[in-house]
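Next come the chains, spelled out residue by residue.
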Number of protein chains: 2
Amino acid sequence: MTVAARRGRSPEGRAEVRRDLVAAAVELFLVRGYEDTTVDDIAAAAGVGRRTFFRYFRSKEDAISPDHEAALARIAEVFETAHPTEPTATLVLRAGETVFDIYADDPRLSVERYRLTHEVPVLRDRESASVDHYRRLFTRYLRRRFASDPDGDLRAAVIGAAVVAAHNLALRAWLGAGAPEDGMEACRGRFRRVAGMLPGEPAGGDGLHAVTQRLEQAVVRLERNTPPAP
Amino acid sequence: MTVAARRGRSPEGRAEVRRDLVAAAVELFLVRGYEDTTVDDIAAAAGVGRRTFFRYFRSKEDAISPDHEAALARIAEVFETAHPTEPTATLVLRAGETVFDIYADDPRLSVERYRLTHEVPVLRDRESASVDHYRRLFTRYLRRRFASDPDGDLRAAVIGAAVVAAHNLALRAWLGAGAPEDGMEACRGRFRRVAGMLPGEPAGGDGLHAVTQRLEQAVVRLERNTPPAP
DNA sequence: TTGTCCAGTGGCACGCAGTGCCGTTACGCT
DNA sequence: AGCGTAACGGCACTGCGTGCCACTGGACAA
């Protein structure tokens, strides 16, 4: 196919082919079903050869969530560039919000992807694995932060899992409602409420830790625009 | 193969073939590597035809974790048969411990499975999906319990994810150490510590809720054999 | 302009996972 | 003894994913 060859010549052309393939895949998966759509179908719909599809995506499933690793890298960057004195609560909140930005970038596509990953078992399991990559990332950085805490590993595991779970709850509620533009703030707010549920200072914690915890709580309360508990 | 046919005739024969297939699969995966082992190899090593393998397992990966659904069912039973007044903390702890029992049933096999799911990317992702099934199960029952709480969904998501994460942390530490028989109690104890990190009563909680919370804390403290915080 | 390089493409063939189908076998039941 | 049936093995087929190779058309130098 000459057209595809010319498109793929330049970097913009490559991005265009990639978009076409994603669009064709999502379209066909929704209309015809995931199992009943072959890679040949997707490639043909995008006007490229079957072999070219696998030059853009590692697998058939990859056409649905192709930017997973980029998102992971962005979150890792948030953690790595964070100031050491930044409270843990605000840090994990910031990291989580990064993902919101990515999804909000193309709401229509996000909703379609959500529906597919929600309904097709294979894609749902793959999504679970992706989410677990986020969880591991969170936990890894938290464990580093809690190195001095005797229960640090446990706290890191619990907080990491809790944050990711809350994030998914908020995100999926938003996506399930069709990703309305005016619903993004509610989504972010819902996610931030997780900070109030994170475990407090460890049993053998020192004074500094306690102060940090109170600071975190105060910051979170400010962000939620809610008065302190009576 | 006449031998296999005769073995498979009776229920005990079926169980035997199944065990042989699992053993052959684990053995070959560890020795030759997962990717370099074909289903033909596994079937041949177990003395059955390739077609028969797929009558016992849905897929090649299934030979590693074939009892996943049974475990899910056992946990669901714990939740369904629980008394409504049982504190949430003890309930999720009991449910989690059920899984320990399953793994402790055949420690050698559990360790080999752990190594494989730890090292082979495909199997690790599949394991993530399995763990997420547990998380969903926990969350589903917790959400029912927290129906009266305005933040019930969030609390259910957070507690469910936290409990499962803590469970995995304890379990994998035990498996990583070679699943020593005298290490199971430490594993269970480590898991139980998660109860101390679970979010307390909701902001708008009522008195009953507060009392329940204190009860839960007391029970957990008793189980951990540790005195109340000074 | 002409020749050379090369990144990207499409086609072909292959291995392997998973499935439907069918003939065969051996056990249980009457 | 004869029959029903459950489990088996083999065969053929679809589809995913990969290695290989020839081709194409743009970029660049002479």
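The coordinates are above.
As the structure is a computational prediction, the values presented were derived from the model and not from experiment. (Residues numbered from 1 in each chain as written. Chains lettered and ligands numbered in written order. Predicted model: local features only at pLDDT ≥ 70, side-chain atom pairs only at ≥ 80, totals over all residues. Heavy atoms only, no water.)

Undergrad: I'm lost on the overall build of chain A in this one. Help?
TA: A tally of helices and strands in chain A yields 11 helices and 0 strands. Listing every helix and strand of chain A by position from the N terminus yields α-α-α-α-α-α-α-α-α-α-α. Expressed as a percentage of its 230 residues, the buried residues of chain A come to 49%. Considering only residue pairs separated by 6 or more positions, chain A has 66% of its internal contacts joining residues 24 or more positions apart. A total of about 11900 Å² of accessible surface is found on chain A, and carbon and sulfur atoms cover 51% of it. (Helix = DSSP H or I, 4+ residues; strand = E, 2+ residues; numbered from the N terminus. Buried < 20%, exposed > 50% of the residue type's maximum accessible area, 1.4 Å probe, protein only. Contact = heavy atoms within 4.5 Å. Areas by Shrake-Rupley, 256 points an atom, 1.4 Å probe, with all protein chains shown as cover.)

Undergrad: Would you mind showing me how to read the packing of helix 7 (residues 107–119) of chain A against helix 8 (residues 121–145) of chain A here?
TA: Working note: a packed helix pair is described by the angle between its axes plus the distance between those axes. All names here are of chain A. Packing of helix 7 against helix 8 leaves a shortest axis separation of 5 Å and a crossing angle of 105 degrees. Between helix 7 and helix 8, the angle falls in the class roughly perpendicular. The segment helix 7 lies against helix 8, with Leu116, Thr117, His118 and Glu119 engaging Pro121, Leu123, Arg124 and Glu127. Across the contact of helix 7 with helix 8, the residue classes break down as 3 nonpolar, 2 polar and 3 charged. (Axes fitted to C-alpha atoms, helices over the stretch in contact; angles between N-to-C directions. Parallel < 35°, antiparallel > 145°, perpendicular 65-115°, else oblique. Nonpolar A, V, L, I, M, F, W, Y, C, P; charged D, E, K, R; others polar.)

Undergrad: Could you clarify how one ought to interpret the interface of chain B and chain A in this entry?
TA: Interface size, as often reported, equals the accessible area lost upon joining of the parts. On the side of chain A, 23 residues touch chain B, which itself brings 23 residues to the contact. The contact between chain B and chain A buries some 2200 Å² in all, and 67% of this surface belongs to carbon and sulfur atoms. The largest contributions to the chain B side of the interface with chain A come from Leu154, Val158 and Met197 of chain B, which together make up 28% of the buried area. Run the count over chain B and chain A and you get 2 salt bridges. Of the charged contacts, one joins Arg193 of chain A and Asp151 of chain B as a salt bridge, the two residues approaching to 2.8 Å between their closest N and O atoms. The interface formed by chain B and chain A includes 6 residue pairs in polar contact (both at pLDDT 80 or more). Listing elements by their share of the side of chain B that touches chain A, those giving two or more residues are helix 8 (121–145) and helix 9 (152–176) of chain B. (Buried area = accessible area lost by both parts, 1.4 Å probe. Salt bridge = Lys/Arg side-chain N within 4 Å of Asp/Glu carboxyl O. Polar contact = N/O pair within 3.5 Å; in protein donor to acceptor, adjacent residues only side chain to side chain.)

Undergrad: Is there a simple way to think about the nonpolar core in this case?
TA: Here is a general trend for soluble globular proteins: nonpolar side chains tend to be buried in one another's company. One finds Ile75, Phe138 and Phe191 of chain A to be the most contacted residues of the largest nonpolar core, which totals 45 residues. Elements with a contribution of two residues or more to this core: helix 5 (68–80), helix 6 (88–105), helix 7, helix 8, helix 9 (152–176) and helix 10 (184–192) of chain A together with helix 9 of chain B. In terms of residues, this core owes the most to one element, helix 9 of chain A, which gives 11 residues. Those residues in contact with Phe138 of chain A that lie beyond four places of it in its chain are Ile75, Phe79, Val92, Ala95, Gly96, Gly160, Val163 and Val164 of chain A. Counting 43 residues, the second largest nonpolar core, distinct from the first, contains Leu154 of chain A together with Val78, Phe79 and Trp174 of chain B. (Core = buried A, V, L, I, M, F, W, Y, C linked by side-chain atoms within 4.5 Å.)

Undergrad: Would you mind going over the packing of aromatic side chains with me for this structure?
TA: Given two aromatic rings, their pairing is described by the distance between the two centres and the angle made by the two planes. Residues and elements named next belong to chain A. Per the stated rule, a full pass over the model turns up 12 aromatic pairs over all chains. Both rings, one in Phe29 and one in Tyr34, keep their centres 4.8 Å apart while their planes meet at 65 degrees; by these two values the pair is edge-to-face. Tyr34 shares its class with Phe29; the two are buried. It is Lys60 that lies over the ring of Tyr34; its NZ or CZ is 4.3 Å from the centre. (Phe/Tyr/Trp six-rings, centres within 6.5 Å; stacked < 30°, edge-to-face > 60°. Lys NZ or Arg CZ within 6 Å of the ring centre and 35° of its normal.)

Undergrad: What's the story with the relation of the copies chain B and chain A in this structure? I'm lost.
TA: Note that the two copies of the chain are related through a rotation about an axis and a translation along the same axis. Overlay of chain B on chain A (RMSD 0.0 Å): rotation 180 degrees, translation along the axis 0.0 Å. These values place the two chain copies in the arrangement generated by a two-fold rotation axis. By residue overlap, the copies meet face to face through one surface: 100% of the interface positions of chain B are interface positions in chain A. (Least-squares fit on C-alpha atoms with pLDDT ≥ 70 in both.)

Undergrad: Is there a simple way to think about the pattern of salt bridges in this case?
TA: Where side chains of opposite charge bring their charged atoms close, a pairing between them can arise. Residues and elements named next belong to chain A. Taken as a whole and judged by the stated rule, the model has 32 salt bridges over all chains. The partner of Asp132 in a salt bridge is Arg136, and the shortest N-O contact between them spans 2.9 Å. With a gap of 4 residues between them, Asp132 and Arg136 both fall in helix 8, about one helical turn apart. On the basis of relative accessible area, Arg136 is assigned to the partly exposed category, the value being 23%. Note that Glu185 and Arg188 form a salt bridge whose closest N and O atoms lie 3.9 Å from each other. You can see Glu185 and its partner Arg188 sitting in helix 10, 3 residues apart, about one turn around the helix. A network of salt bridges, in which partner residues are shared, links Glu97, Asp101, Glu185, Arg188 and Arg192.

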